[in-house]
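# Breakdown of the fold
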Amino acid sequence: LGRLAAVLTVAYASGVTGGPSSRLGHVTRFTRRHGLYIPENRVAGVARPRRTARGEWSARAARDTLDKDKTQTEEDALAAEVERERIRRERELVFEQTPGAIVEWSAVSGVNKAIEFNGLEGRSPEAYLALPPENYSVLSSKTISRTDPGQFKATFGPLNFFGNRVMVEMLSSVKVDSVNKTATIEVYDCNLSGSPAADAAKGTFQTKCHTRLTCFQRDGVWKFRGDYDLRVRVKPQAYGFKAKWRMGILRRVGNAILRPSVKIAMRQFLEFLAKDYHQWASGANDKREAVTESEIGVT
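Residues numbered from 1 in each chain as written. Predicted model: local features only at pLDDT ≥ 70, side-chain atom pairs only at ≥ 80, totals over all residues. Heavy atoms only, no water.

## So, the overall build of the chain
- Helix and strand counts for the chain come out as 6 helices and 7 strands.
- For the chain, buried positions account for 35% of its 299 residues.
- Taking contacts inside the chain between residues at least 6 apart in sequence as the whole, the part at least 24 apart equals 63%.
- Surface exposure of the chain reaches about 18000 Å², of which carbon and sulfur atoms provide 54%. (Helix = DSSP H or I, 4+ residues; strand = E, 2+ residues; numbered from the N terminus. Buried < 20%, exposed > 50% of the residue type's maximum accessible area, 1.4 Å probe, protein only. Contact = heavy atoms within 4.5 Å. Areas by Shrake-Rupley, 256 points an atom, 1.4 Å probe, with all protein chains shown as cover.)

## Regarding the nonpolar core
- Residues Y128, L213, F224 and L270 are the most contacted members of the largest nonpolar core, which totals 48 residues.
- It is helix 6 (residues 244-281) that contributes the most residues to this core, 13 residues altogether.
- Other than its neighbours up to four places away in sequence, L213 contacts L129, K181, T182, A183, I185, R225, G226, F269, L270 and L273. (Core = buried A, V, L, I, M, F, W, Y, C linked by side-chain atoms within 4.5 Å.)

## Side note on the confidence of the model for the chain
- Averaged over every residue, the pLDDT of the chain is 75; the share at 70 or more is 65%.
- The model gives residues 3-23 a pLDDT under 50, and that stretch makes 36 contacts with residues more than four places away or in other chains. (pLDDT = per-residue confidence, 0-100.)

## Some thoughts on unusual backbone geometry
- If you check the backbone angles, K181 has positive phi at about 55 degrees while not being a glycine.
- Phi at D219 is positive, roughly 55 degrees, even though this residue is not glycine.
- You can see D219 is positioned in the loop between strand 6 (205-218) and strand 7 (221-234).
- On the basis of relative accessible area, D219 is assigned to the exposed category, the value being 77%.

## Let's talk about a nonpolar patch on the surface
- On the surface, I249, V253 and I257 cluster together into a nonpolar patch covering about 250 Å² of accessible area.
- Residue placement: I249 occurs in helix 6. (Patch = residues over 30% accessible without salt bridge, like charges linked within 9 Å, V, L, I, M, F, W, Y side chains within 5 Å. Salt bridge = Lys/Arg side-chain N within 4 Å of Asp/Glu carboxyl O.)

## A few points about the pattern of salt bridges
- Enumeration over the complete set of coordinates arrives at 9 salt bridges.
- When the shortest N-O distance is used, the salt bridge between R225 and D227 registers 3.0 Å.
- Linked by salt bridges that have partners in common, E104, D229 and R231 make up one network.

## Quick notes on the environment of V176
- Here V176 is to be found in strand 4 (residues 164-177).
- By relative accessible area, which is 27% here, V176 ends up partly exposed.
- With 43 residues separating them in the primary sequence, V176 and P133 have C-alpha atoms 7.2 Å apart.
- Beyond its immediate sequence surroundings of up to four residues, V176 is in contact with L129, A130, L131, P133, Y136, T182 and A183.

## Topic: the packing of aromatic side chains
- Summed over the entire model, instances satisfying the criterion amount to 5 aromatic pairs.
- Ring geometry for Y128 versus Y277: centroids 5.4 Å apart, planes at 70 degrees, classification edge-to-face. One end of the pair, Y128, is in helix 4 (residues 125-129); the other, Y277, is in helix 6, and 149 residues separate them in sequence.
- The exposure class assigned to Y128 is buried, which follows from its relative accessible area of 5%.
- A relative accessible area of 0% places Y277 in the buried class.
- Here F224 and Y277 contribute two aromatic rings whose centre-to-centre distance is 5.9 Å and whose plane-to-plane angle is 90 degrees, an arrangement assigned as edge-to-face. A residue pair is termed long-range when its members are at least 10 positions apart, and F224 in strand 7 and Y277 in helix 6 qualify at 53 residues. Each member of the pair, F224 together with Y277, is buried.
- Among the aromatic residues, ring-to-ring pairing joins Y128, F224, Y277 and W280 into one connected group. (Phe/Tyr/Trp six-rings, centres within 6.5 Å; stacked < 30°, edge-to-face > 60°.)

## What to know about the state of the cysteines
- Considering all chains together, one arrives at 0 disulfides under this definition.
- With no disulfide of its own, C209 lies 10.0 Å from the sulfur of C190, the closest cysteine sulfur. (Disulfide = S-S within 2.5 Å.)

## Here's the deal with the environment of C209
- Within the secondary structure layout, C209 lies in strand 6.
- According to the relative accessible area criterion, C209 is buried, its value standing at 12%.
- Once residues within four sequence positions are removed from consideration, C209 is found in contact with I185, E186, V187, D229 and L230.

Pasting the structure below:
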């Protein structure tokens, strides 16, 4: 009975029965005082299973928290994708229901931008493109704002649209491929505002644009590359273009204006990107300041 009492006392002191685990020295003295001897390594062995269980519980709780955060992030991303798809389908339905023939303009090309500064160790151009969207800068605070971690709104204008001054608002999403070190920007909605003509233009045009950002090294020089595919479909009858020959001219003139304009815009965008990369590569975090037009020579 005495030995049993001693073992139970050891168990209590080591935390097996719920008691504190800081009384191991007291237990050893108690057993020796009553003519019993239990080695300290055995006492520690009794306490170890409880401590191991506690450690495993803490690790499991941490894993559960990470899994929960990951699940929430995935659910948010899925919800955002569903909303973007809803907007796209809604715009397509309105466009298809608007009467009239379709004129399509397109601009498909690519632009390179050399990067003169490679940055700190671990902050290469590839690592920059692999950053999660929530760590992206808005690049230009004058024209771009963040609506969600991976979604941005760009506002341009006023622009001349068939003789009317309008503001263009484009909503885009960013998807990052961290394995291939690429980022894809997709414009999923485009709206015009600023004049009665802009309000009347709703449903008469459709815009689709995909831009793929990559980087590569050639002859020791890193370069960013932007490959874009822009498609604009217009029903010009709403603007008085009804004759077929006028629509043919409109198609050719529209392409002649759109293609060089988009290439200029892409060059400026890569200038912003290169400047922001320099800030990040120099040690700036995701709270870095947006690039201004004067920094890249745009007036």
